[in-house]
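Residue-level structure breakdown
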Amino acid sequence: MNVTLSPRALMSLLANGPKAIDVLETALGTGLLDALEPGPARLGDLAHRFGVRPLRLYKFLDCLESLGFVERTEPDDDITSARYRAVPGLRDAVAAVVGPDAVERDRDRYPWRVLHGRLAESLRGEVSMSDDDFAWPPQSDEQTAEFERSMAVGLGPVIETAHRHADRLWSDRKRLLDVGGGDGTLAAHILDDAPALHADVYNLPAVAPLVEATRLRRGHPDRLGFVGGDFFAEPLPSGYDAMAFVRVLHDWPNDVARRLVEQAYAALEPGGLLVIGEEFRTPDRLAMQFFWSYFLIGVDSCVSRLREVDFYTGLLAEVGFERVAVLPGAWELICGYKPYGGA
């Protein structure tokens, strides 16, 4: 449904946000979305199938239509003959947002209510997140572990794209260093697709037990390793023909992002591959970033900056990488290769 809402209509939907989530959770839980997506489905048939009252279902479906999630045709005066079809992908999208493993549910665990109703004071610097609530970078082993666990929840789109392009990325690679690679979840998925690859996660020493748990749980005891270190305090380890920055560079200013890419170039073997995975700045990604944009209003040490894809492609080319490409997927991946003559 390609209809642009007026600002007033959009404001009405925003004001009724909790009710909209209630509608979506109900549509998912009852199985209604499974019936609507293949469509078209007749109102009378839907009411009979799900044991609900037709006129009440008609109004329920009006709620879904107002959100732009279903398309309706009503051929005559008989309301039960109205036919509905969900927009493609709706069921999976609703499950991803309000299902038990939703990223949004995970993010809601953060103490955002410290700011709620006090944003004006927060903008002036009078209200902030305490270091006990959220510190960036994390200041304790407990905070580090919780942050890495939370970040692993949102890796699905990166994992999908890496899987989609596995042959292109890893078929001729031997050793991968996943810089800031969290608890090793992404590296383990990459190893599933690349049986000849060995992957090490490079992260703060406090993360080592998390990677060890992933190594044992995911069945890669000999191919998933850990290298402790701090990329602000020391050069990146050498001896790798592939490196990855996934959801790392957006947390730092432009000059820091450049310095990290330069470190990767210096450390990689000639012909080495660099992969960058970020949420690039688009209307969709800004919408999905809404929680962090809101929450981090109360944090001065972290920006979580969405950049245009051209920033990264241009940066890789300027540093010296060749064959820079954007690989399509749920989240695009950027890749580039250090030339064989590169110092």
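Keep in mind that this is a model prediction, so the values were computed, not measured. (Residues numbered from 1 in each chain as written. Predicted model: local features only at pLDDT ≥ 70, side-chain atom pairs only at ≥ 80, totals over all residues. Heavy atoms only, no water.)

Some points on the pattern of salt bridges
Threshold: Salt bridge, as applied in this entry: a Lys or Arg side-chain nitrogen positioned within 4 Å of an Asp or Glu carboxyl oxygen. Here the term buried applies to any residue with accessible area under 20% of the maximum for its type, exposed to any over 50%, and partly exposed to those in between, with areas from a 1.4 Å probe on protein chains only.
Inspection of the entire model under this criterion finds 18 salt bridges. Arg107 is the partner of Asp106 in a salt bridge, and the nearest nitrogen-oxygen pair spans 2.6 Å. Classification of Asp106 as buried rests on a relative accessible area of 6%. Using a relative accessible area of 4% as the deciding quantity, one classes Arg107 as buried. Residues Arg113 and Asp108 are paired through a salt bridge, measuring 3.7 Å at the closest nitrogen-oxygen approach. The network of salt bridges with shared partners includes Asp106, Arg107, Arg109, Glu146 and Arg149.

Describing the layout of surface pockets
Heads up, the condition is: Using a grid of 1 Å spacing that covers the protein atoms alone, one calls a set of points a cavity when a 1.4 Å probe fits there but cannot get out, and a pocket when the set is open and has protein on both sides within 12 Å along at least five of seven lines; lining residues are those with an atom within 4 Å of a point. Grid points are joined across faces, edges and corners, and a volume is the space filled by probe spheres set on the points. We count a stretch as a helix when DSSP gives it H or I for four or more residues in a row; a strand needs E for two or more, and each element gets its number in order from the N terminus.
When its volume is computed, the second largest pocket comes out at roughly 530 Å³. Of all the elements in the fold, those that place two or more residues in the lining of the second largest pocket are α9 (141-153) and β5 (198-203). With five residues, α9 is the largest single contributor of residues to the lining of the second largest pocket.

So, the side chain of Ser150
Our working rule: Polar contacts here mean pairs of N or O atoms no more than 3.5 Å apart (in protein, one a potential hydrogen donor and the other a potential acceptor; neighbouring residues in sequence count only if both atoms are side-chain atoms). In what follows, a contact means two residues having at least one pair of non-hydrogen atoms within 4.5 Å.
Residue position: Ser150 is located in helix α9. Classification of Ser150 by relative accessible area gives buried; the value is 0%. Polar contacts involving the side chain of Ser150 include one to the side chain of Tyr110, which spans 3.0 Å. Not counting the four nearest positions on each side in its chain, Ser150 is found in contact with Asp106, Arg107 and Tyr110.

Side note on the sheet that holds strand β9 (residues 322-327)
Our working rule: In this scheme, strands are said to pair when DSSP sees at least two bridges between them. For every element, the axis is a line fit to its C-alpha atoms; helices are fit only across the contacting stretch, and the angle between N-to-C directions ranges from 0 to 180 degrees.
Pairing is mixed across the open sheet formed by seven strands, whose spatial order is β6-β5-β4-β7-β8-β10-β9. Strands at the two margins of the open sheet, each flanked by one partner only, are β6 (224-228) and β9. When the angles between neighbouring strand axes are averaged without regard to direction, this sheet yields 20°. Across four bridges, strand β4 (residues 175-179) lies against strand β7 (residues 242-246) in parallel orientation. Counted as the bridge partner of Asp178 is Ala244 from β7. Its contacts with the sheet place helix α14 (residues 254-267) against β7 and β8 (273-277), and it is angled at close to 165° to β7.

A look at helix α17 (residues 309-319)
Cut-off, in case you're wondering: Directions pointing from the helix axis toward each C-beta atom define the arc.
Regarding α17, the residues found buried are Tyr312, Thr313, Leu315, Leu316 and Val319. Viewed end-on, α17 has its buried residues packed into an arc of 160°, placing them on one side of the element. α17 presents Asp310 and Glu318 as exposed residues on the side facing more than 90 degrees away from its buried surface. Buried residues belonging to α17 abut α14, β8, β9 and β10 (333-337). Just downstream of α17 lies Gly320, where phi reads positive at about 125°.

Describing the pairing of strand β3 (residues 83-86)
Residues in a regular strand point their side chains to alternate faces of the sheet. Here β3 shows a clear split, with Tyr84 and Ala86 buried on one side and none of Arg83 and Arg85 buried on the other. With two bridges joining them, strand β1 (residues 41-42) and β3 adopt antiparallel strand pairing. Bridging across to β3, Ala41 finds its partner in Tyr84. With four bridges joining them, strand β2 (residues 70-73) and β3 adopt antiparallel strand pairing.

Let's talk about the sheet that holds β1
Pairing within the open sheet is antiparallel, and its three strands lie in the order β1-β3-β2. Each edge of the open sheet carries a strand with a single partner, namely β1 and β2.

Overview of the nonpolar core
Convention followed: Here, nonpolar core refers to any group of buried Ala, Val, Leu, Ile, Met, Phe, Trp, Tyr and Cys residues whose side-chain atoms link them within 4.5 Å.
Membership of the largest hydrophobic core comes to 44 residues, with the highest contact counts inside it found for Phe134, Leu236, Phe245, Leu249, Val261, Leu274 and Phe295. Residue assignment for this core shows that the elements contributing at least two residues are α9, β4, β7, α14, β8, α16 (290-295) and α17. With seven residues, α14 is the largest single contributor of residues to this core. In contact with Val261, not counting residues within four places along its chain, are Phe245, Leu249, Leu274, Ile276, Leu315, Leu316, Val319 and Phe321.

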